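Structural description and commentary
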Amino acid sequence: MDLTHTEEEQDFRARLREWLGKTLPELPAKPSPDDWPARRAYDLGWQRRLYDAGWAGLHWPVDAGGRGATPTQHLIFLEETERAGAPYVGANFVGLLHAGPTIAAEGTPEQRARWLPPVLRGDEVWCQGFSEPDAGSDLAALRTRAVRDGDEYVITGSKIWTSHAEVADWCELLVRTDPRAPKHRGISWLALPMDAPGVSVRPLRTLAGSTEFAEVFLDEVRVPVGNRVGAENDGWRVTMVTLSFERGTAFVGEVVACRRTLGRLARTAKANGRWDDPVLRRTLGRLHGEFGALWRLTQWNVGEAQRSGGVPGVGGSVFKLAYSHARQELYEAAAQVLGPDSLVLDEEWVLDRLSSLSYTIAAGTSQIQRNIVAERILGLPKGP
């Protein structure tokens, strides 16, 4: 893996830096964390700025509306936007990082033309309807049913932990289309319009006080068969494509953010006298090494995805597993550096620490990731 940058890549970084320097001061103030309609407008406003300036969908294929950037250019983009403090994709993350890439890889030309441009322009928000109350980590145990009725599916069931369902226009939805088939078969991947009759949303409040998740109830909701991505009953394979994006590239920008946070912690520890603690210094040093290694793993995973046609491989599970635990350790270290002030000094630290607790569950639990690594990478036999 060549980690040096070419002259073209250095020019790419310089142009991006210049654009960020001019654009970020023009952004409006961030809305309240509890005002999701305002947050949606803010996040999509940023996406529109990216689109108008030619930075949207940087790593998406050209035939999907993206720029077809190299993996290195994509990582430069993530580094520079994070270091500059640019907005994250926010409410648009499912569309940009999961559903959009899945449709680009698996959708028909008509589906790509319908759904991809609005995502890139910042016109539509997607949410993810995978998890169910009774399925736990066993995603294939889903029970939401879709019965074929002519050119439509009639859907009944419920989903939970549906990110940004309150403000979403579309949902990437997993349904069971053949209840007689083995559980990993008989599943289909559908695009559900969130304003369809029979769809109701109930927000869930997290430990941090946010309502970014919701329960979604589906009462005989009719969805056109043309909204199915992939063949009927082939949804599990399509889902693996979605999850490879979710685990392979969705957390890339956050690694940069964690490295920046780590540097901030070291400076704070030196200023408040806690740097004299050798145990704390070793912890911060080890985390510095871990996040550096995660960034190199990210480069490798993105490079592998490019060589395999744009879909990340199972190496994303290695990254997600290691990153989830490193992030939790980072905010445990933050509590040591800040002491009692970590609960009252800066609300951002408190919210980030609470948020870090969810990372070993989100996008597939650590137990699931270990199974994937054991079976698909190490070749170990499946458990009984």
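For the structure, see preceding data.
First things first, this report covers the structure right here in the doc. (Residues numbered from 1 in each chain as written. Predicted model: local features only at pLDDT ≥ 70, side-chain atom pairs only at ≥ 80, totals over all residues. Heavy atoms only, no water.)

**Quick word on the environment of arginine 67**
- Locating arginine 67 in the fold gives a position in the loop between α2 (36–53) and α3 (71–83).
- Those residues within four positions of arginine 67 in sequence are excluded, and the remaining contacts are Phe12, Gly54, Trp55, Ala56, Gly57, Leu58, Trp60 and Val62. (Helix = DSSP H or I, 4+ residues; strand = E, 2+ residues; numbered from the N terminus. Contact = heavy atoms within 4.5 Å.)

**Overview of the pairing of strand β2 (residues 145–149)**
- In terms of strand pairing, β2 meets strand β3 (residues 152–159) through 5 bridges, oriented antiparallel. By the bridge assignment for β3, arginine 145 is matched with threonine 156.
- Hairpin connection, β2 to β3: the antiparallel pair is bridged by 2 residues, and glycine 150 has positive phi, about 70 degrees. (Pairing = 2+ DSSP bridges.)

**Things to note about helix α5 (residues 109–121)**
- Helix length check: α5 (13 residues) gives 18 Å between terminal C-alpha atoms against 18 Å at 1.5 Å per residue, within 8%.
- Along α5, the sharpest kink reaches roughly 25 degrees, centred on tryptophan 115 and followed within four residues by the proline proline 117.
- Taken as a whole, α5 has its buried residues at Gln111, Arg112, Trp115, Leu116, Pro118, Val119 and Leu120.
- Residues of α5 that are buried in the fold lie against α2, α4 (93–106), β1 (126–129), β4 (170–176), β5 (187–193) and β8 (228–229).
- Positive phi shows up at glycine 122, right after α5, with a value of about 80 degrees. (Expected span 1.5 Å × (residues − 1). Bend = angle between axes of the 7 residues up to and from the residue. Buried < 20%, exposed > 50% of the residue type's maximum accessible area, 1.4 Å probe, protein only.)

**Concerning the packing of α4 against α5**
- Across the interface, α4 lies against α5 with an axial gap of 10 Å and an inter-helix angle of 155 degrees. Between α4 and α5, the angle falls in the class roughly antiparallel. For the crossing formed where α4 meets α5, the hand is left-handed. Contacts between α4 and α5 involve Gly95, Leu96, Gly100, Ile103, Ala104 and Ala105 from the former and Gln111, Arg112, Trp115, Leu116, Val119 and Leu120 from the latter. (Axes fitted to C-alpha atoms, helices over the stretch in contact; angles between N-to-C directions. Parallel < 35°, antiparallel > 145°, perpendicular 65-115°, else oblique. Left-handed = near helix turned anticlockwise from the far one by under 90°.)

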